[in-house]
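What the coordinates show
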Amino acid sequence: QGKGLFATKNIRKGETVFVERPVVSSQFLWNALYNYRACDHCLRALETAEENAQRLLGKSSLVLPHPEQCGIRKDLHQQCPRCQVTYCSAECKQAALEQYHQVLCLGPSRDDPTHPLNKLQEAWRNMHYPPETSSIMLMARMVATVKQAKDKEWWIKAFSQFCSKTANEEEEIVHKLLGDKFKGQLELLRLLFTEALYDEYLSRWFTPEGFRSLFALVGTNGQGIGTSSLSQWVHACDALDLPMLQREELDAFIDQLYKDIEKESGEFLNCEGSGLYVLQSCCNHSCIPNAETSFPENNFLLHLTALEDIEAGEEICISYLDCCQRERSRHSRNKILRENYLFTCSCPKCLAQADDADVTSDEEEEGEGETDDAELEDEMTDV
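Attention here is on the structure that accompanies the text. Just so you know, these numbers come straight off a predicted model, no measurement behind them.

Counting its regular elements, the chain contains 16 helices and 10 strands. Taken across its 383 residues, the chain has 51% of its residues classed as buried. Residue pairs in contact within the chain that sit at least 24 positions apart in sequence constitute 73% of those at least 6 positions apart. Accessible area of the chain: about 18600 Å², with a carbon and sulfur share of 50%.

So this is what it looks like as structure tokens:
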């Protein structure tokens, strides 16, 4: 679990507990292949709400009403002149350049499969299919950030704030992230990572033990970042003051749109990448959380919001499980938490159900043999 985070004052339900920027973040490598377009620095969606809906629906003729409610400003988008990576603004382009992009810019080698960074990214794609549970490029940005920094020790201390695990626990985490053949895969990743990014100052990160530790750090502390221009458009439309008939028509249109998207693309997902957040990573888990994370600004700024009143001195807890998982039996919930986060939950809900039989929920029993592996692949929900 995290280190524990406690309220310093009374917080009312619905209040923002804090807003946090990630120490480092990265898009998932599958985004480019599937044309998910987000700013390479802050992960703000680059496609308009209409383009977002058209892609998810597989229908290029779709027209959204109230297009003025979409906040995407394509006129502000900029690209790196050397590698054509796209940013939502000049500010993001500059921030990336100053923090890590000088090291990671592929320049004219962007499409060269023999470039060490491209070899690393391709190896990761071949080892781990979407949805990703850890991004090798998050680790690459950590290295690049330190390599570019004037005060390297400051950044190393920043990364050292995240929860670390013992060697045995790290091995369990890596095994979970990479699967049964993880030893060979991890060593191949380490060699490619070293070829692409080695730095004498960070030499310990490139040893077998250091690389495994880095991988486990990202795997257990990485927070999925969800951005969606369509979601932003829906929220903006919800806030419109419309006559009753127009409101009913718009609500019906949106409801049907989501149903059609689910039919075409499966459950609507908007996870663009992951990031490392110091405060958020301190939050412990509870099956009845009193706070939740969200990304209402359509970028990597994480908002932690109170789900109920929280008194000064009370611990702030989030859930490492999604809503459906939290409704499963105590045995099922702890099975997921042990396999993915290496702890057994002792929140009030789990303690109240301590005498329940150690059986999985009905939902799991129905298809346990067929779906366990696939479900567990998705259950690193914070990553």
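Having seen the model, we can carry on.
So, on to helix 4 (residues 116-127). Given 3.6 residues per helical turn, the α-helix brings residues three or four places apart onto the same face. Taking 1.5 Å per residue as the helical rise, helix 4 with its 12 residues ought to reach 16 Å, and the 17 Å between its terminal C-alpha atoms agrees with that figure. Within the span of helix 4, buried status applies to Leu117, Asn118, Leu120, Gln121, Ala123, Trp124, Arg125 and Met127.

This part is about the packing of helix 5 (residues 136-148) against helix 9 (residues 208-221). Here helix 5 crosses helix 9 at 115°, and the two axes come no closer than 10 Å. Here helix 5 is positioned roughly perpendicular relative to helix 9, judged by the angle of their axes. The element helix 5 and its partner helix 9 pack so that their crossing is right-handed. Counting all contacts with helix 5, which are made through Ile136, Leu138, Met139 and Met142, the residues of helix 9 involved are Phe211, Leu214, Phe215, Leu217 and Val218. Of the residues in the contact of helix 5 with helix 9, the class split is nine nonpolar, no polar and no charged.

Taken across its five residues, strand 9 (residues 302-306) has five buried, putting it largely inside the fold. Side chains Leu302, Leu304 and Ala306 project from strand 9 onto one buried face, and the interleaved His303 and Thr305 project onto a second face that is buried too. Alignment of strand 8 (residues 291-294) against strand 9, held across four bridges, turns out to be antiparallel. If you follow Ala291 over to strand 9, its bridge partner there is Ala306.

Once that is clear, we can look at helix 9. Here helix 9 contains 14 residues, and its C-alpha end-to-end distance of 20 Å stays within 8% of the 20 Å for a straight helix at 1.5 Å per residue. Summarising burial for helix 9: 11 of the 14 residues are buried, a large majority. Buried within helix 9 are the following residues: Gly210, Phe211, Arg212, Leu214, Phe215, Ala216, Leu217, Val218, Gly219, Thr220 and Asn221.

Below, the discussion takes up the sheet that holds strand 1 (residues 16-20). Spatially, three strands are ordered 1-9-8 in an open sheet, and the strand pairing comes out antiparallel. The open sheet terminates on both sides in strands that have one partner only, identified here as strand 1 and strand 8. On average, adjacent strands in this sheet sit at an angle of 20° to one another, irrespective of strand direction.

This next bit is on the packing of aromatic side chains. Scanning all chains against the criterion turns up 10 aromatic pairs. Judged by centre distance (5.9 Å) and plane angle (65°), the rings of Trp124 and Phe215 are edge-to-face. With Trp124 in helix 4 and Phe215 in helix 9, the pair connects residues that are 91 residues apart, well separated along the chain. A single burial state applies to Trp124 and to Phe215, both of which are buried. An aromatic cluster of three or more residues is present, and its members are Trp124, Phe193, Tyr198, Phe206, Phe211 and Phe215.

Another aspect to go through is the state of the cysteines. The final tally for this structure, using the stated rule, is zero disulfides. The closest cysteine sulfur to the non-disulfide-bonded Cys323 is located on Cys324, 6.8 Å from its own sulfur. Judged by its relative accessible area of 54%, Cys323 falls in the exposed class.

In this section: the packing of helix 10 (residues 229-238) against helix 11 (residues 244-265). Between helix 10 and helix 11, the least distance of the axes is 11 Å, while the angle of their chain directions is 160°. Between helix 10 and helix 11, the angle falls in the class roughly antiparallel. Like other packed secondary-structure pairs, helix 10 and helix 11 cross with a definite hand, here left-handed. Residues Leu230, Ser231, Trp233, Val234, Cys237 and Asp238 of helix 10 lie in contact with helix 11, whose contacting residues are Arg247, Leu250, Asp251, Phe253, Ile254, Leu257, Tyr258 and Ile261. Residues belonging to the contact of helix 10 with helix 11 are distributed by class as follows: 10 nonpolar, one polar and three charged.

It is worth spelling out the nonpolar core at this point. Taken as a class, soluble globular proteins show a tendency for nonpolar side chains to be buried jointly. Counting residues in each nonpolar core, the largest one holds 87 residues, and the members touching the most others are Ile136, Met142, Phe159, Leu189, Phe193, Trp205 and Phe215. Element by element, the count of residues in this core is highest for helix 5, at nine residues. Both domains that furnish three or more residues to this core are identified here as domain 1 (5-21 + 277-356) and domain 2 (24-224). Sequence-distant contacts of Trp205, defined by excluding residues within four places in its chain, comprise Met142, Val143, Val146, Phe159, Gly210, Phe211 and Leu214. Core analysis: the second largest hydrophobic core is formed by 18 residues, Ala45, Ala53, Leu64 and Cys237 among them.

Reading the values: rules and limits
- Residues numbered from 1 in each chain as written.
- Predicted model: local features only at pLDDT ≥ 70, side-chain atom pairs only at ≥ 80, totals over all residues.
- Heavy atoms only, no water.
- Helix = DSSP H or I, 4+ residues; strand = E, 2+ residues; numbered from the N terminus.
- Buried < 20%, exposed > 50% of the residue type's maximum accessible area, 1.4 Å probe, protein only.
- Contact = heavy atoms within 4.5 Å.
- Areas by Shrake-Rupley, 256 points an atom, 1.4 Å probe, with all protein chains shown as cover.
- Expected span 1.5 Å × (residues − 1).
- Axes fitted to C-alpha atoms, helices over the stretch in contact; angles between N-to-C directions.
- Parallel < 35°, antiparallel > 145°, perpendicular 65-115°, else oblique.
- Left-handed = near helix turned anticlockwise from the far one by under 90°.
- Nonpolar A, V, L, I, M, F, W, Y, C, P; charged D, E, K, R; others polar.
- Pairing = 2+ DSSP bridges.
- Phe/Tyr/Trp six-rings, centres within 6.5 Å; stacked < 30°, edge-to-face > 60°.
- Disulfide = S-S within 2.5 Å.
- Core = buried A, V, L, I, M, F, W, Y, C linked by side-chain atoms within 4.5 Å.
- Domains from an automatic or database assignment.

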